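# Observations on the three-dimensional arrangement
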Amino acid sequence: MGDMMVEKISVLGSTGSIGKKALKIADKLGILVKGLSVFNNISLLEDQIRCFKPEKVSVFDEDAAVKLRNNIKDCRTKVLAGIDGLCEVASLESVDTVLNSVSGMIGLRPTLCAIDARKNIALANKETLVAGGSLVMNKAREKGVSILPVDSEHSAIFQCLEGCHDKKSLQKLILTASGGPFFGKSINDLKNVTKKEALKHPNWSMGDKITIDSATMINKGLEVIEAAWLFNVSPDDIEVLIHRESIVHSMIEYNDNSVIAQLGVPDMGIPIQYAFTYPDRLPSIVDKLDLSKIRNLSFCKPDNKIFKGIEICKSALKIGGTMPAIVNGANEEAVKLFLEDKISFLDISNTVEKAMNHFKSNSVASLDDILKADKEARIFVKENVFRQENKIC
């Protein structure tokens, strides 16, 4: 992993919740922001450009990029567009670390470009490792690049492992999950839940896609895949526990049955800052955890019959090859359909399961293999599952 504080960064997904928090932290720590990227939120991006004066920014939506160029004619910042622009911002020569916090599969290609350009990665894009785990980790090793986790759970495990001198003594990783807005609900309770209800996360403020993933528990399944790649452990050595308070962010268990946990208020500031300052720790903008005010820390096993996401993702990881990319692509498409009010909440996990059962896994030799699997999974969801749902209606 890295050995000195980040000095110059690109932030991919700079107008999302993690991107905005990262820019606050960069400003506080005196880290120079050289590159920014967004999907299409050019009004906030313009504010960020005027504040941080980056060399280059990228807007994925080409029409929005044209508008932004007109809006910032008085600035020196160069505006790029599309996937090529995103990759260029991810591999800027002046940058030492790239924070990837874009949402979805779009994040994989810029991660690989950044690694090729020998940039360290502060990773907050799950899909990078879910769909491209072997490719990304092999390339990072080959290029001597650090991948520092920014997800609160993976950062927690990373921090707990700091004191582990012998990885053979590690027994298991324990990922905590809030349980989302529907913890304790029955199948009948979930049949008619609305988009508005599913987007009400009890503890975290996140984008729509990841909030729905949290409600289905698929988010935690994706985190199991991510953890397996980041920490080189098998899926059977990763346990998930529901922890409603979101104070214990994750734990590790040693073979002597000692359990080490990382605690903090539910705020992404700690994992973001630790990725920027590792191995050092500096004063944070995050509130202190006042343990005297906490009356309860509860833990229980997830209901894998109602919330099938964890077991689906573990199965995909065990099958290997392109199967995690298929599951990820099918889930992204199903969540999109749910957010468009085209399928029900329970249809999301059922759809992902159908896709996993429909496809055979192929080996992954290149990015194209992953992108092909992802595309086929999305087509399957749109053409088969969605049409079937409409016929039933």
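A brief report on the enclosed structure follows. (Residues numbered from 1 in each chain as written. Predicted model: local features only at pLDDT ≥ 70, side-chain atom pairs only at ≥ 80, totals over all residues. Heavy atoms only, no water.)

## So, the pairing of strand β8 (residues 170–177)
In plain terms, the rule: Three exposure classes are used, based on accessible area relative to the maximum for each residue type with a 1.4 Å probe and protein chains only: buried under 20%, partly exposed in between, and exposed over 50%. A run of H or I in DSSP counts as a helix once it spans at least four residues, and a run of E counts as a strand once it spans at least two, with each numbered from the N terminus. A pair of strands is labelled paired if DSSP reports no fewer than 2 bridges between them.
With six of eight residues buried, β8 is to be regarded as a mostly interior element. Bridging between β8 and strand β10 (residues 248–254) involves five bridges; their strand directions are antiparallel. Its bridge partner being in β10, Lys-172 is matched across the sheet by Glu-253. Pairing of β8 with strand β9 (residues 238–242), which is carried by five bridges, proceeds in the parallel orientation. Looking at the pairing, Ile-174 lines up with Glu-239 of β9.

## Some points on the side chain of Lys-56
Our working definition: As used in this structure description, the phrase polar contact means that two N or O atoms lie within 3.5 Å; if the pair is within protein, one of them must be able to donate a hydrogen and the other to accept it, and residues adjacent in sequence are counted only when both atoms belong to side chains. By the convention used here, residues are in contact when the closest approach between their heavy atoms is within 4.5 Å.
Turning to its location among the elements, Lys-56 is positioned in strand β3 (residues 56–59). Here Glu-88 takes part through its side chain, which lies 2.6 Å from a polar atom of the side chain of Lys-56. Not counting chain neighbours up to four residues away, the residues in contact with Lys-56 comprise Lys-34, Gly-35, Leu-36, Thr-77, Lys-78, Leu-80, Glu-88, Val-89 and Leu-92.

## Remarks on the packing of aromatic side chains
What characterises a pair of aromatic rings is the spacing of the ring centres plus the angle enclosed by the ring planes. To be explicit about the condition: Working definition: rings of Phe, Tyr and Trp (its six-membered ring) pair if their centres are within 6.5 Å, and the pair is stacked with planes under 30 degrees apart, edge-to-face with planes over 60 apart, and tilted otherwise. The criterion is that NZ of a Lys, or CZ of an Arg, lies within 6 Å of the ring centre and within 35 degrees of the ring normal, and then a charge sits over that ring.
All chains considered together, the criterion is met by seven aromatic pairs. Taking 6.1 Å as the distance between ring centres and 55° as the angle between the ring planes, the aromatic pair formed by Phe-158 and Tyr-274 counts as tilted. Taken together, the positions of Phe-158 in helix α7 (residues 152–160) and Tyr-274 in helix α12 (residues 269–277) put the pair 116 residues apart, joining distant regions of the chain. For Tyr-274, a relative accessible area of 6% puts it in the buried group. Across the ring face of Tyr-274, the terminal group of Arg-281 is positioned such that the distance to the ring centre comes to 4.3 Å.

## So, the sheet that holds strand β5 (residues 97–100)
The condition that has to hold: An axis is simply a line fitted to the C-alpha atoms; with a helix, the fit covers only the stretch in contact. Between two such axes, the angle follows the N-to-C directions and lies from 0 to 180 degrees.
The strand order across the open sheet built from seven strands is β4-β3-β2-β1-β5-β6-β7, with neighbouring strands paired in parallel fashion. Where the open sheet ends on each side, the last strands, each with one partner, are β4 (78–81) and β7 (147–149). Strand-to-strand twist in this sheet, taken as the mean axis angle between neighbours without regard to direction, amounts to 20°. Pairing geometry for β5 and strand β6 (residues 120–123), over four bridges, is parallel. Note on β6: the bridge partner recorded for Leu-99 is Ala-122.

## Notes on the pattern of salt bridges
Pairing of side chains with opposite charge becomes possible as their charged atoms draw close. What counts is decided by this rule: Between Lys or Arg on one side and Asp or Glu on the other, a salt bridge is scored when a side-chain nitrogen of the former is within 4 Å of a carboxyl oxygen of the latter.
Counted according to the given criterion, the structure contains 24 salt bridges. Across the pair Lys-209 and Asp-213 runs a salt bridge whose closest N-O atoms are separated by 2.6 Å. With a gap of four residues between them, Lys-209 and Asp-213 both fall in helix α10 (residues 208–216), about one helical turn apart. Residue classification places Asp-213 among the buried positions, given a relative accessible area of 2%. The shortest N-O distance in the salt bridge between Glu-223 and Lys-220 comes to 2.7 Å. Of this pair, Glu-223 and Lys-220 both sit in helix α11 (residues 218–231), three residues apart, which is roughly one turn of the helix. Residues joined in a network through salt bridges with shared partners are Lys-126, Asp-151, Glu-153, Lys-220 and Glu-223.

## Considering a nonpolar patch on the surface
Condition: Nonpolar side chains (Val, Leu, Ile, Met, Phe, Trp, Tyr) are joined into patches within 5 Å and like charges within 9 Å, using only residues with over 30% relative accessible area and no salt bridge. Computed with the Shrake-Rupley method and a 1.4 Å probe, the accessible areas treat only the protein chains shown as cover for residues.
Together, Leu-263, Leu-291, Leu-297 and Phe-299 make up an exposed nonpolar region whose accessible area comes to about 330 Å². Along the chain, Leu-263 falls in strand β11 (residues 259–263).

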